[in-house]
Amino acid sequence: MNILLIKPETVGIFSYTYLVEHEPLEMEYLYTVFTAMGHHAVIYDRRYELTSMKKKLKEVKPDVVCVTGYITQQKLVIKYCDVIKSYDPKIQIILGGSNVEINYANYFESKADFLYHLSGLENQKKLVSYIEQEKHGNTSISLKDIPGICYRENGEWVVNPKVVETPADLPVPDRTYFYKNKHRFRYLCFRPLALVKNSYSCRKACNFCFCTNRNSGRYACRSVESLVDEIASLDVPAIHITDDDFLIDRDYLKEFIRLIKEKDIHKKYLIYGRADFIAHNEDIIKEFAEIGLSLIMVGLEATSEEELDSYNKRVTVSENEECIRILSENNVICAGLFIVHPGMTKEDFKKLYNWIAARNIIPTVSVFTPMQGSAMYKKYEDQMIDRDVTKQDLFHCLLKPEHMSVGAFTREYYKLSLGLAFKNRKSPLYKDNNYPGAVLYIIKVFFVKLKRMIVL
Ligand code: B12
Ligand code: SF4
């Protein structure tokens, strides 16, 4: 069969920058799985390819279209389904990805045929085999036997139960697409950059976190050998490990470091990790830094015990302080993640600025967002002043601020974020930024968006 794999265009503020761009790894995985099954798969990455949807459909003549997407792209993905079905109702549409995995019911109104609500791909193979059999009038596979899918029966959606999976089942991704487009993929000065997926979910349970609820809330990771083999095979200087928390286990990390040294691999690593682990495992961070650890995105979140407890973070302010010291002393960039919440006064914004500015941190500040699918969503659902999922991008004020208007809160937020970015403008992380080029890019994106409003 012909299978079209759609990576949607970026929505929101991220679409206006090319300074943080990642390969469409989920699509490369699907490409790998489907080509191994003998299908003809094509990646259509709408972030870079300006061909219209209809033209692409005409070109590829797909039997099946797979679409990925995040919560902010939900409405866009639903619109794609309309365009695909109006082009050819026989095309079978499968929606998957992080948002569908948990918020699959949000897509019940779409024209999709199947919703895939799992982290792994084993059952996706069964679904595609089912579609192929259907096409040829042979039906030895039954939809009810495929876990983790939603499908329609007599006009009603049927939701098959989930199964807990492990990323050990994922194939080694075919990186043909990556190597063709390698120049695009970067995290600021780290480029070219490859993504490596090594785990599902997280063992911790911060209440604002969406990721921890994936894979039915069960953490699972690959063997350290398979991770190192994949890294060794990549012809890139920098690797972004997508694990929500890569600093899970001392022994795992020790073995990782040992194998990287043994195989004489020289790359830079960007990871996510927790402050408590960093604070209590200085020796591991030191050794990891020696083999290339360059940046850790670490959820510091807040500057008081009270706020940290309110997020069920289970980290103390002194652990956060210790983490910042250790990373700084080992020359690892501390990309600290912070949250501003609706209870903050103008004074609190100033205090937060001063706290961050006084430390060696390159921060990203998010607005407290009860993301649908996180533990706290139910608590805040009724208080949300804006239900537009496109705004669940962590940059929008979705709850009524207690001490100021939404406009004033938004101004304070941008003042804080831009002020901190300006303060850190000389950081080596930004050394490759080409600002005139960035302005031209914004203008280009504006025109592309305009064009797509007319022809999708
Ligand atoms: C790297 C990353 C980014 C990169 C972009 C990566 C990319 N390739 O496009 C950057 C930094 C730009 C980014 C931006 C954003 N991100 Co982000 N990001 C991630 C991160 C860390 C890894 C994603 C990734 O590439 N994984 C690798 C792939 C292989 O794994 P996967 O996506 O899970 O896919 C698996 C399955 O879902 C399945 N699958 C995926 N798609 C499909 C489709 C079909 C049809 C099928 C059958 C299966 C399938 O295949 C894979 C096999 O395991 C995740 C957190 C995480 N650990 O997952 C957050 C995450 C995906 N991001 C998130 C968010 C919210 C955003 C933003 C909206 C906001 C923000 N402030 O960050 C923006 C929006 C960007 C946009 N595209 O519009 C959320 C999404 C939540 C949701 N409900 O959708 C996540 C889960 C983190 C979180 N905060 O909870 N992000
Ligand atoms: S915020 Fe980080 S540590 Fe907390 S549950 Fe999510 S991934 Fe785990």
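All values derive from a computational prediction rather than experimental measurement.

This paragraph deals with the pairing of strand β15 (residues 293-301). Summarising burial for β15: 9 of the 9 residues are buried, a large majority. Relative to β15, strand β14 (residues 268-273) runs parallel, the two being bridged by 5 bridges. What sits directly across from leucine 270, in β15, is leucine 295. Across 6 bridges, the pairing between β15 and strand β16 (residues 333-340) is parallel. Following the sheet pairing, methionine 297 is matched in β16 by alanine 335.

The next subject is the environment of glutamate 132. Along the chain, glutamate 132 turns up in helix α5 (residues 122-135). Spatially, the C-alpha atom of glutamate 132 lies 24 Å from that of tyrosine 104, the residues being 28 residues apart in sequence. Those residues in contact with glutamate 132, other than ones at most four positions away along the chain, are Met1 and His39.

With that out of the way, let us pick up the pattern of salt bridges. It is possible for side chains bearing opposite charge to pair when their charged atoms get close. Enumeration according to the criterion identifies 34 salt bridges in this entry. Notably, a salt bridge pairs aspartate 113 with lysine 85, separated by 2.7 Å at the nearest N-O pair. Of this pair, aspartate 113 sits in the loop between α4 (98-103) and β6 (114-116) while lysine 85 is found in helix α3 (residues 74-87), placing the two residues 28 residues apart along the sequence. Note on accessibility: aspartate 113 and lysine 85 belong to one class, buried. A salt bridge links aspartate 88 to lysine 90; the nearest nitrogen and oxygen atoms lie 3.7 Å apart. Several salt bridges converge on common partners, so that one network encompasses Glu23, Arg175, Arg222 and Glu230.

Looking now at the nonpolar core. Judged by nonpolar contacts, the single largest core of 91 residues is most densely connected at Phe256, Phe288, Ile296 and Val340. Split by domain, this core shows at least three residues from each of two domains, domain 1 (2-159) and domain 2 (185-424). Within the second largest apolar cluster, 25 residues are counted, among which are Met53, Val65, Tyr80 and Ala112.

Now for the domain arrangement of the protein. It is common to report an interface's size as the accessible area lost on association of the parts. The domain architecture assigned to the protein consists of domain 1 (2-159) and domain 2 (185-424). Taking only C-alpha atoms, the centre of domain 1 and the centre of domain 2 are 29 Å apart. Taken together, the 26 residues of domain 1 in the interface contact 26 residues of domain 2. For the pair domain 1 and domain 2, the interface holds 2 salt bridges. One salt bridge in this structure joins glutamate 101 and arginine 214, with 3.0 Å as the shortest N-O distance. At the level of elements, β2 (20-21), α1 (25-36), α3 and α4 are the ones that each hand at least two residues to the side of domain 1 that touches domain 2. Tallying contributions element by element places α4 first for the side of domain 1 that touches domain 2, with 5 residues.

Procedures and definitions
- Residues numbered from 1 in each chain as written.
- Chains lettered and ligands numbered in written order.
- Predicted model: local features only at pLDDT ≥ 70, side-chain atom pairs only at ≥ 80, totals over all residues.
- Heavy atoms only, no water.
- Buried < 20%, exposed > 50% of the residue type's maximum accessible area, 1.4 Å probe, protein only.
- Helix = DSSP H or I, 4+ residues; strand = E, 2+ residues; numbered from the N terminus.
- Pairing = 2+ DSSP bridges.
- Contact = heavy atoms within 4.5 Å.
- Salt bridge = Lys/Arg side-chain N within 4 Å of Asp/Glu carboxyl O.
- Core = buried A, V, L, I, M, F, W, Y, C linked by side-chain atoms within 4.5 Å.
- Domains from an automatic or database assignment.

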